[in-house]
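Letter by letter, the chains look like this.
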Amino acid sequence: MPSSTPQYNRIVLKLSGEALSGDLDHGLDSHALNNICGEIAQIITLNVQCAIVVGGGNFFRGAGAGNLNMTRATADYIGMLATVMNALALQQALTAADIQSRVQTAIPMLPICEPYVREHALKHLNENRVVIFAAGTGSPFFTTDTAASLRAIEIEADLLLKATQVDGVYDRDPNRYAGAQRYERISYDEVLAQRLGVMDATAIALCRENKVPLRVFDIKNPGCLHRIVIGNNSEGTLVDSEVVA
């Protein structure tokens, strides 16, 4: 039985914009925000350092920019701004839950948040503040998944967590195929070879090259973050360098 002692000291949590919109078609859902903050509160009490990378798909998705006669670069910059809106909303929800946090953006926006500086992020984490990374990598053509992998490497996180709408990695889409099988553990190479769509290929390659373990899980499952950080391996799917026979 897993100990209540944390198995990870520092994590990066990747949240999609859809995770913040909850049951809504777009925008922000207070119930979803409060639930996520409740999950984070459980691990903060264990003195686990938590950084978050947020997406922006609940406000704007670059994939649909072609219909607007817009260049990919412009669409990506708009998407980065959407992540900042989500980061600020999440910060306010954390404040309401008595959790200290700081927003850092890859694109400087000094009147509303800090620019991303690795040393400052580490200082905040060491002082038990949640750090929310926004604006992706600051460059177009890179996803927020890639930003999450990059930040996890930079701050030397013990684990990268990808919060999704399903409870792990499957051999095929569980929403379309009733017989889809969930992996308890799978290697980076297998994810890339099977094109499982866990994260984009660049993000997976960064994790593989820098040996950052990744766990994919359902953020809506109550107590999920707590179980993960204390080493309960039943939550979601672990993606790492090991090949399981």
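Residues numbered from 1 in each chain as written. Predicted model: local features only at pLDDT ≥ 70, side-chain atom pairs only at ≥ 80, totals over all residues. Heavy atoms only, no water.

Draft legend 1. How the structure looks around the packing of helix H5 (residues 144-154) against helix H7 (residues 201-210). As a packed pair, H5 and H7 sit with axes 8 Å apart at the nearest point and diverge in direction by 20°. The orientation of H5 with respect to H7, classified from their angle, is roughly parallel. In terms of crossing hand, the pair formed by H5 and H7 is left-handed. Side by side, H5 and H7 meet where Asp145, Thr146, Ser149, Leu150 and Ile153 of the first sit next to Thr202, Ala203, Leu206, Cys207 and Asn210 of the second. Among the residues making up the contact of H5 with H7, the classes are represented as five nonpolar, four polar and one charged. (Axes fitted to C-alpha atoms, helices over the stretch in contact; angles between N-to-C directions. Helix = DSSP H or I, 4+ residues; strand = E, 2+ residues; numbered from the N terminus. Parallel < 35°, antiparallel > 145°, perpendicular 65-115°, else oblique. Left-handed = near helix turned anticlockwise from the far one by under 90°. Contact = heavy atoms within 4.5 Å. Nonpolar A, V, L, I, M, F, W, Y, C, P; charged D, E, K, R; others polar.)

Draft legend 2. Local environment of the pattern of salt bridges. Considering all chains together, one arrives at twelve salt bridges under this definition. Between Arg102 and Glu114 there is a salt bridge, with the nearest N and O atoms lying 3.9 Å from each other. Here Arg102 is found in strand S3 (residues 101-105), whereas its partner Glu114 is found in strand S4 (residues 114-115), with twelve residues between them in sequence. Residue class for Arg102 comes out partly exposed when judged on its relative accessible area of 27%. (Salt bridge = Lys/Arg side-chain N within 4 Å of Asp/Glu carboxyl O. Buried < 20%, exposed > 50% of the residue type's maximum accessible area, 1.4 Å probe, protein only.)

Draft legend 3. Seen up close, the nonpolar core. With 39 residues, the main nonpolar core has Ile11, Leu15, Ile52, Leu90 and Phe217 as its most contacted residues. Elements that contribute at least two residues to this core include exactly strand S1 (10-15), helix H1 (17-21), helix H2 (30-44), strand S2 (49-54), helix H3 (72-96), strand S5 (130-134), strand S6 (159-164) and helix H8 (224-229). Ignoring anything within four residues of it in the chain, the contact list for Phe217 reads Leu13, Leu161, Lys162, Ala163, Thr164, Val166, Gly168, Cys224, Leu225, Ile228, Glu235 and Gly236. Counting residues in each nonpolar core, the second largest holds 29 residues, with Ala51, Tyr116, Ala121 and Ala148 among its members. (Core = buried A, V, L, I, M, F, W, Y, C linked by side-chain atoms within 4.5 Å.)

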